[in-house]
Amino acid sequence: QQQVKQSPQSLIVQKGGISIINCAYENTAFDYFPWYQQFPGKGPALLIAIRPDVSEKKEGRFTISFNKSAKQFSLHIMDSQPGDSATYFCAASGAHNQGGKLIFGQGTELSVKP
Amino acid sequence: NAGVMQNPRHLVRRRGQEARLRCSPMKGHSHVYWYRQLPEEGLKFMVYLQKENIIDESGMPKERFSAEFPKEGPSILRIQQVVRGDSAAYFCASSRKTGLAGSEQFFGPGTRLTVL
């Protein structure tokens with residue numbers, strides 16, 4: 001019940017294209033869903049996050065779509081750039097009632113080709 | 001405003017030695033989380049601490065691992081009698097609080113532990 005499943009494991013996109021990464025969860029107590037971006041040798045950096053009271057959140061080229069009934073959420077990167085090449089992790093937590101520990105997906109290695 | 005600081009950035013230990021990893025949270029943050037990232041894997045929660053208290057250690061191995069967050073000074077993750085399987089990147093994250101607002105976790109650069 002604590003798992004977060006992420007797909008695909010790796011993704012290759014052409015510059016200017018749309019990158020889509022999907023995650024699914026089981027625990028209905030989760031109420032906070034962040035996405036992190038990690039470059040090699042660096043720590044994860046918070047990219048964007050959503051709570052289940054909204055179905056979509058957009059920040060610049062990054063959009064989270066959230067489907068509460070399906071227990072799924074996804075990250076869309078519009079106009080993908082070579083600088084977006086990194087590993088992306090979705091995560092979930094029950095910040096409100098579970099202390100806030102993050103349960104991470106397995107990660108998606110994104111490569112944007114020029 | 002300095003981010004989460006971790007030191008050392010790289011640590012090499014021989015089997016059986018002790019490893020001490022330090023984490024200073026962001027200014028104003030009193031909640032600290034430790035995560036471990038094994039090669040080619042995602043991050044796994046280990047322990048959650050507030051000042052002088054361990055709140056959740058459900059992800060911590062029962063033996064050889066311990067964590068503290070004293071009233072003064074950084075949080076420490078201590079691994080005794082290290083084994084090769086402990087080789088990983090250890091990340092610390094901090095947040096201002098839990099609950100709906102202010103619960104965003106910000107990560108440090110990590111400590112990469114290599115056990116020879």
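See the structure printed just above.
Residues numbered from 1 in each chain as written. Chains lettered and ligands numbered in written order. Predicted model: local features only at pLDDT ≥ 70, side-chain atom pairs only at ≥ 80, totals over all residues. Heavy atoms only, no water.

A. Structural detail: the overall build of chain B. If you tally the helices and strands in chain B, you get 0 helices and 11 strands. In sequence order, chain B lays out its α and β elements as β-β-β-β-β-β-β-β-β-β-β. For chain B, the C-alpha radius of gyration of 14 Å lies close to 13 Å, the compact-globule estimate for 116 residues. In terms of overall dimensions, chain B has C-alpha extents of about 40 × 25 × 25 Å along its principal axes. Counting the 116 residues in chain B, one finds 45% classified as buried. Contacts in chain B between residues far apart in sequence, at least 24 positions, make up 53% of those at least 6 positions apart. Accessible surface, chain B as shown: approximately 6000 Å² in total, 47% of it carbon and sulfur. Positive and negative charge centroids in chain B, built from 18 and 11 side chains respectively, lie 5 Å apart. (Helix = DSSP H or I, 4+ residues; strand = E, 2+ residues; numbered from the N terminus. Rg over C-alpha atoms; globule rule 2.2 N^0.38 Å. Buried < 20%, exposed > 50% of the residue type's maximum accessible area, 1.4 Å probe, protein only. Contact = heavy atoms within 4.5 Å. Areas by Shrake-Rupley, 256 points an atom, 1.4 Å probe, with all protein chains shown as cover. Lys, Arg positive; Asp, Glu negative; His and termini not counted. Charge placed at Lys NZ, Arg CZ, Asp CG, Glu CD.)

B. Fine view of unusual backbone geometry. The amide bond that connects Ser7(A) to the next residue, Pro8(A), takes the cis arrangement and shows omega of -5 degrees. Cis rather than trans, the peptide bond between Asn7(B) and Pro8(B) has omega equal to -5 degrees. One non-glycine residue with positive phi stands out, namely Lys71(A), at about 55 degrees. Structurally, Lys71(A) can be placed in the loop between β7 (62–67) and β8 (72–77). Assessed through its relative accessible area of 27%, Lys71(A) is described here as partly exposed. For Gln81(B), which is not glycine, the phi dihedral falls at a positive 45 degrees.

C. Quick look at the interface of chain A and chain B. With 20 residues of chain A at the interface, the matching set in chain B holds 23 residues. Summed over both sides, the interface of chain A with chain B buries roughly 1600 Å², with 54% coming from carbon and sulfur. At the surface where chain A touches chain B, the tally comes to 1 salt bridge. Of the charged contacts, one joins Lys101(A) and Asp56(B) as a salt bridge, the two residues approaching to 3.5 Å between their closest N and O atoms. On the surface where chain A and chain B come into contact, there are 7 residue pairs in polar contact (both at pLDDT 80 or more). (Buried area = accessible area lost by both parts, 1.4 Å probe. Salt bridge = Lys/Arg side-chain N within 4 Å of Asp/Glu carboxyl O. Polar contact = N/O pair within 3.5 Å; in protein donor to acceptor, adjacent residues only side chain to side chain.)

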